[in-house]
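Structure at a glance
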Amino acid sequence: MSVFCIAGFVLSGCSVKNSNAIKGEEVAVLTFAPNVPPPITRDYATKMIVNLEVIEKEMEMMDGVKYNFWTFGGQVPGKFIRVREGDLVEFHLKNDPSNKLPHNIDLHAVTGPGGGAVSTFTAPGHETQFSFTAINPGLFIYHCATAPVGMHIANGMYGLILVEPRGGLPKVDKEFYVVQGDFYTKGSYGESGEQPFNMEKALDEKPDYVVFNGKVGALTGDNALKAKVGETVRLFVGNGGPGLTSSFHVIGEIFDNVYPEGGSTQNHNVQTTLIPPGGSAITEFKLQVPGNFILVDHAIFRAFNKGALGILKVDGPENKTIYSGQQDDRIYQPEGGAVQTMPSADAEKAKPLTKTEKLELGKALFASTCQACHQADGKGIEKAFPPLYKSDYFAANPQKIVQVITHGLSGPITVNGKTFNSVMPKQTLSDNQVASVATYVLNNFGNKGGEINAEDVAKIRK
Amino acid sequence: MALISGGNYIPMYSKEAQKITVSSFYMDVYPVTNADYLAFVKSHPDWKKSSVKRIFADSNYLKQWDSDVLFDKNIAGSPVVNISWFAAKKYCECQGKRLPETAEWEVAARASKTKADASNDPGFNQWVLNWLTKPTAAILPPVGSTFKNYYGIYDLHGLVWEWTYDFNSALTTGESRGNSSLDNSLFCGGGSFASKDISNYASFMRFAMRSSVKAKYCVANLGFRCVK
């Protein structure tokens, strides 16, 4: 037996003999995201008292957008709970007297009916208590499970509880707490004012907001996570859902270690890890170079259009071998410097177009043919592509636009006082198409108007 | 009081066949106010804050009152809350009335401003749901501050929860998601696949609220009104 004890000690850093004995008691330190309570250093199990209060309150979903959140502790996600494998957890759920609704809690770390939900169904102004032994180590979601369950979760009632394995997790320099959630509001993304919950969108699983830590911008700007080059970072990541699975990714980093689904196995060298609603993952990575590393749900419209974006700001010395930064930027000319012909569009002999028709067709042609270089705002790019915006190049003679489109242009020119020396290939467009796009340019980008006809184009083309 | 014409009511936790027939009845137009309740305790001193028996009302009983007979004048016209089921029942009996049954309350409460039964009106349901998602106001508005419904009754939604006589006859287990596996569907209001209308979230919440309380509980947003 003593041999086993020693083996156990070496492998997991704790004594097998004492593993199940509960010694003493502690009141758990709980933290708001993105902070994590300190690692547990004791090598024995204890009675851990957890006090969590349910608070319903109005907060901002993004600046100017108000939402009635239901929370564990007063923020979304709820407070982070950290206990040790084998601990006897005495859980107190308090429902604030000013709350409208009864609530309960299902902790996925609990072995027992409802994960504690049965035992914690609590009326406003009441407190319930139950106890459980944290048998399985891992990172677990907790959430409210009162009917209608989906709505309680959709309003923000979730958080993470970490059951540290005996012996603890490997030491790292920084630990952070991030939980993704999706929200369903009456107005669409960004619509300001008070935004009530929209049940129809929730049933369709079509959220207006997908955010980290309960708010658009909870992890950007001044709220960005901060670390230094050389440090190892651990992210405790959860997904409260209720609807969407997260493709969790940190742009510019590779996870050295991932504990998929918050369990005990480790995967290495991972780009993106899946986190289902009601699930979690632990990711770890060493910071090698400075810069902003962006946390996203790589279902990428959620990141850039619905809010699932956070920033890890890393300070420290550059390491040009690992990442050089931009070394050059030069003009790329795939087919040499001569005037070129673009692939032919079907030449059309069409009836003359009205000015309105030209503007409409010209807009589409501009987007597909011109915009890549001259830019959507017509301002071009300095030293490379001349501006069409308030351009003095063709102000006196609008026909010059037609000349350039039909014949191409190379060599130095001056536009609005700036010199350009580059190449524009001749565009193979029909007379009507050239007339349309030229008319569009003349009537947009601050230019003074005018109209080009297909006959003008035909003459210049010869 | 206002007359509520009877009708059929199908609880959200049951099937079509389990409809309940509700006879016509009269209902108080407003919830009972602090001022109303003060008159009651003056004539029934057993129900004063200081003398009520703990098995009939927990220690939050009339918490918003400063003493047995005093409270902030501003709440005189607000609904009385922090009131137990026992106290509410006694109050109604002493008026020659009674607490509404859940089915009666639900029949009266499904009326919007213009319709006797607005339970399929998305706008009405969303309005009710919006109120339910907001925390209780620090100072409750006076009775009559919400809308007058089809029957001429105020405040069934938008002010406070209200006790019903049989509030605990439909139960959630506390583990609402498990309710569909119970065979006694009459006793599971928690919101499950067995429900008639799984999208009537406001109704789920009322049943969840009723299931979370016991008869002696006194809750800060739970009041009552009487019927006969």
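Structure shown above.
Residues numbered from 1 in each chain as written. Chains lettered and ligands numbered in written order. Predicted model: local features only at pLDDT ≥ 70, side-chain atom pairs only at ≥ 80, totals over all residues. Heavy atoms only, no water.

A few words now on the sheet that holds strand 17 (residues 267–270) of chain A. All names here are of chain A. Pairing in this open sheet of six strands is mixed, and the strands run 12-10-14-19-16-17 from one edge to the other. With partners counted over all chains shown, the strands left at the sheet margins are strand 12 (209–212) and strand 17, one partner each. Averaged over neighbouring strand pairs, the angle between their axes works out to 25° when direction is ignored. Pairing of strand 16 (residues 255–259) with strand 19 (residues 279–286), which is carried by three bridges, proceeds in the antiparallel orientation. (Pairing = 2+ DSSP bridges. Helix = DSSP H or I, 4+ residues; strand = E, 2+ residues; numbered from the N terminus. Axes fitted to C-alpha atoms, helices over the stretch in contact; angles between N-to-C directions.)

As a further point, take the packing of aromatic side chains. Within this structure, the stated rule accounts for 33 aromatic pairs over all chains. Ring geometry for A:Tyr67 and A:Phe183: centres 5.9 Å apart, planes at 80°, overall edge-to-face. In this pair, A:Tyr67 sits in strand 3 (residues 65–72) while A:Phe183 sits in strand 10 (residues 174–183), placing the two residues 116 residues apart along the sequence. On the accessibility criterion, A:Tyr67 (2% relative accessible area) is buried. With centroids separated by 6.0 Å and ring planes inclined at 75°, the aromatic side chains of B:Tyr201 and B:Phe204 adopt a geometry described as edge-to-face. Note that B:Tyr201 and B:Phe204 are positioned in helix 5 (residues 201–212) at a spacing of three residues, about one turn of the helix. When its relative accessible area of 12% is taken as the criterion, B:Tyr201 is described as buried. A relative accessible area of 3% means that B:Phe204 is categorised as buried. Grouped by ring-pair contacts, the aromatic residues B:Trp47, B:Phe56, B:Trp85, B:Phe86, B:Trp163, B:Tyr165 and B:Phe167 constitute a single cluster. Over the ring of A:Tyr44 we find A:Lys23, and its NZ or CZ is 4.5 Å from the ring centre. Here the basic side chain of A:Arg42 rests over the ring of A:Tyr44, its NZ or CZ set 6.0 Å away from the ring centre. (Phe/Tyr/Trp six-rings, centres within 6.5 Å; stacked < 30°, edge-to-face > 60°. Buried < 20%, exposed > 50% of the residue type's maximum accessible area, 1.4 Å probe, protein only. Lys NZ or Arg CZ within 6 Å of the ring centre and 35° of its normal.)

So, on to unusual backbone geometry. Between A:Ala33 and A:Pro34 the backbone carries a cis peptide bond, its omega angle lying at 5°. Among the secondary structure elements, A:Pro34 is positioned in the loop between strand 1 (22–27) and strand 2 (45–62). Geometrically, the link from A:Val76 to A:Pro77 is a cis peptide bond, its omega value of 0° lying close to zero. Relative to the helices and strands, A:Pro77 resides in the loop between strand 3 and strand 4 (81–84). Although it is not a glycine, B:Leu62 sits at a positive phi angle of roughly 50°. Take B:Leu62: it is sitting in the loop between helix 1 (34–43) and helix 2 (85–94). Of the residues examined, B:Leu62 reaches a relative accessible area of 0% and is grouped as buried. One non-glycine residue with positive phi stands out, namely B:Asn82, at about 55°. Turning to its location among the elements, B:Asn82 is positioned in the loop between helix 1 and helix 2. For B:Asn82, a relative accessible area of 6% corresponds to the buried category.

This part takes up the interface of chain B and chain A. Listed by partner, the interface residues are 33 residues for chain B and 33 residues for chain A. Between chain B and chain A, a total of about 2700 Å² is buried, with carbon and sulfur atoms accounting for 62% of that surface. Applying the counting rule to chain B against chain A returns one salt bridge. When the shortest N-O distance is used, the salt bridge between B:Lys134 and A:Glu194 registers 3.2 Å. At the boundary of chain B and chain A, one finds nine residue pairs in polar contact (both at pLDDT 80 or more). Elements that contribute at least two residues to the side of chain B that touches chain A include exactly helix 4 (122–132) and helix 5 of chain B. Ranked by the residues each element gives to the side of chain B that touches chain A, the list is headed by helix 5 of chain B, at seven residues. Looking at side-chain class alone, the side of chain B that touches chain A contains 14 nonpolar, 15 polar and four charged residues. (Contact = heavy atoms within 4.5 Å. Buried area = accessible area lost by both parts, 1.4 Å probe. Salt bridge = Lys/Arg side-chain N within 4 Å of Asp/Glu carboxyl O. Polar contact = N/O pair within 3.5 Å; in protein donor to acceptor, adjacent residues only side chain to side chain. Nonpolar A, V, L, I, M, F, W, Y, C, P; charged D, E, K, R; others polar.)

Attention shifts here to the nonpolar core. Among the nonpolar cores identified, the biggest contains 105 residues, and A:Ile81, A:Phe91, A:Leu107, B:Tyr37, B:Tyr61 and B:Phe224 are the most heavily contacted of them. Among the elements that make up this core, the one with the highest residue count is strand 2 of chain A (seven residues). Setting aside chain neighbours within four positions, we find A:Ile81 in contact with A:Leu30, A:Val50, A:Leu52, A:Phe91, A:Leu107, A:Tyr142, A:Leu160, A:Ile161 and A:Leu162. In terms of nonpolar packing, the next biggest core, distinct from the first, is built from 26 residues, A:Phe212, A:Leu225, A:Val250 and A:Leu312 among them. (Core = buried A, V, L, I, M, F, W, Y, C linked by side-chain atoms within 4.5 Å.)

Side chains that are three or four residues apart share a direction in an α-helix, a result of its 3.6 residues per turn. Residues and elements named next belong to chain A. Taking 1.5 Å per residue, 20 residues should reach 28 Å; helix 5 (residues 355–374) reaches only 23 Å between its end C-alpha atoms and comes up short. Its axis deflected by about 50° at Ala367, helix 5 carries its strongest bend there. Residues of helix 5 that are buried: Lys358, Gly362, Leu365, Phe366, Cys370 and His374. Elements in contact with the buried residues of helix 5: strand 23 (418–424) and helix 7 (431–442). Trailing helix 5 by a residue or two, Gln375 shows a phi angle of about 75°, which is positive. (Expected span 1.5 Å × (residues − 1). Bend = angle between axes of the 7 residues up to and from the residue.)

All right, on to the sheet that holds strand 6 (residues 106–107) of chain A then. Pairing between the strands of a sheet is mediated by backbone hydrogen bonds and can be parallel or antiparallel. All names here are of chain A. Here we have four strands laid out as an open sheet, ordered 4-9-8-6, and mixed in their pairing. Because the sheet does not close on itself, it has two edges, and the strands there are strand 4 and strand 6. By the bridge criterion, two bridges tie strand 6 to strand 8 (residues 138–143) in an arrangement that is antiparallel. Following the sheet pairing, Asp106 is matched in strand 8 by His143.

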